[in-house]
Amino acid sequence: MRLSQASDFALRILMAICQSDAPQTVDKLTLQLGLAKSHVMKIVAQLAKAGYLETTRGRGGGIRIAKSPEEIRIGEVVRLIEPDLGVVACLKDEPTSCPFLPRCALKGAMANAAEAFLDSLNVQTLDTILAGTKKI
């Protein structure tokens, strides 16, 4: 299974925010993580809309974690960020034709595999992946 860079970026953004006691800014995260500012802004907006982050504008504002790291399941974050986990054409949102449908077992097998992948990621929380890292 291949994930997009956005999932990697989202997890790194969450980790960086949790490692600092001070509110973060898009500019700080961009520099710290070496990511494009446009990517950070887009991902922060997605994470905030989903309730993982809270953002406050103005002086004294910034980006903070909105949930406890123990509550943030890695698989849930990946599911949020990944637009398409279809590993075969028939699982994608786009129309497809297959000569083996409707009696093809490949679609179900691949759907189960993708779900098992996310379930295995959900064993981990943001807290468990942060264990052993130092605060910045």
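Just above, that's the structure.
The following refers to the structure shown. (Residues numbered from 1 in each chain as written. Predicted model: local features only at pLDDT ≥ 70, side-chain atom pairs only at ≥ 80, totals over all residues. Heavy atoms only, no water.)

**Section: the overall build of the protein chain**
Scanning the protein chain from terminus to terminus reveals 6 helices and 2 strands. Helices (α) and strands (β) of the protein chain occur, in sequence order from the N terminus, as α-α-α-β-β-α-α-α. Residue burial in the protein chain is summarised as follows: out of 136 residues, 32% are buried. Counting only contacts in the protein chain whose residues sit at least 6 apart along the sequence, the fraction spanning at least 24 positions is 64%. Carbon and sulfur atoms provide 54% of the accessible area of the protein chain, an area that totals close to 8,500 Å². (Helix = DSSP H or I, 4+ residues; strand = E, 2+ residues; numbered from the N terminus. Buried < 20%, exposed > 50% of the residue type's maximum accessible area, 1.4 Å probe, protein only. Contact = heavy atoms within 4.5 Å. Areas by Shrake-Rupley, 256 points an atom, 1.4 Å probe, with all protein chains shown as cover.)

**Regarding the side chain of threonine 125**
Relative to the elements of secondary structure, threonine 125 occurs in the loop between helix H5 (106-121) and helix H6 (126-130). For threonine 125, the residues in contact, after removing those within four places along its chain, are Pro69, Glu70, Ile72, Arg73 and Ile74.

**Points about the packing of helix H1 (residues 5-18) against helix H4 (residues 74-81)**
Where H1 meets H4, the axes come as close as 9 Å, and the angle between the chain directions of the two elements is 130°. By the angle between their axes, H1 is oblique relative to H4. Where H1 crosses over H4, the handedness of that crossing is right-handed. Across the interface between the two elements, Ala6, Ser7, Ala10, Leu11 and Leu14 from H1 touch Ile74, Val77, Val78 and Ile81 from H4. When its residues are assigned to classes, the contact of H1 with H4 shows 8 nonpolar, 1 polar and no charged. (Axes fitted to C-alpha atoms, helices over the stretch in contact; angles between N-to-C directions. Parallel < 35°, antiparallel > 145°, perpendicular 65-115°, else oblique. Left-handed = near helix turned anticlockwise from the far one by under 90°. Nonpolar A, V, L, I, M, F, W, Y, C, P; charged D, E, K, R; others polar.)

**A look at the pairing of strand S2 (residues 62-65)**
Consecutive side chains of a regular strand alternate in pointing toward one face of the sheet and then the other. Sheet analysis places strand S1 (residues 53-56) next to S2, joined by 4 bridges and oriented antiparallel. Residue pairing for S2: glutamate 54 is matched across the bridge by arginine 64. Where S1 folds back on S2, the antiparallel hairpin that results is connected by 5 residues, among which glycine 58 adopts a positive phi of roughly 90°. (Pairing = 2+ DSSP bridges.)

**Let's talk about the layout of surface pockets**
Within this model, the largest pocket holds a volume of roughly 220 Å³. In terms of lining residues, the largest pocket is bounded by Thr25, Val26, Met41, Val44, Ala45, Ala48, Thr55, Thr56, Arg57, Gly61, Gly62 and Ile63. For the lining of the largest pocket, the secondary structure elements donating two or more residues are helix H3 (37-49), S1 and S2. With 4 residues, H3 is the largest single contributor of residues to the lining of the largest pocket. (1 Å grid on protein atoms, 1.4 Å probe; cavity = no way out; pocket = protein on both sides within 12 Å on 5 of 7 lines; lining within 4 Å. Points joined across faces, edges and corners; volume = space filled by probe spheres on them.)

**Some points on the nonpolar core**
Membership of the largest hydrophobic core comes to 27 residues, with the highest contact counts inside it found for Ile13, Leu14, Leu29, Leu47 and Val77. Looking at this core, the elements that each hand over two or more residues are H1, helix H2 (26-33), H3, H4 and H6. No other element matches the 8 residues that H1 contributes to this core. Ignoring sequence-local partners within four residues, the contact set of valine 77 consists of Ala10, Leu11, Leu14, Leu47, Tyr52 and Ile72. (Core = buried A, V, L, I, M, F, W, Y, C linked by side-chain atoms within 4.5 Å.)

**Some thoughts on the packing of H4 against H5**
Between H4 and H5, whose axes approach to 6 Å, the crossing angle comes to 130°. On the basis of their axis angle, the class for H4 and H5 is oblique. Residues Ile74, Gly75, Val78 and Arg79 of H4 form the contact with H5, whose own contacting residues are Glu115, Leu118 and Leu121. In terms of residue class, the contact of H4 with H5 is made up of 4 nonpolar, 1 polar and 2 charged.

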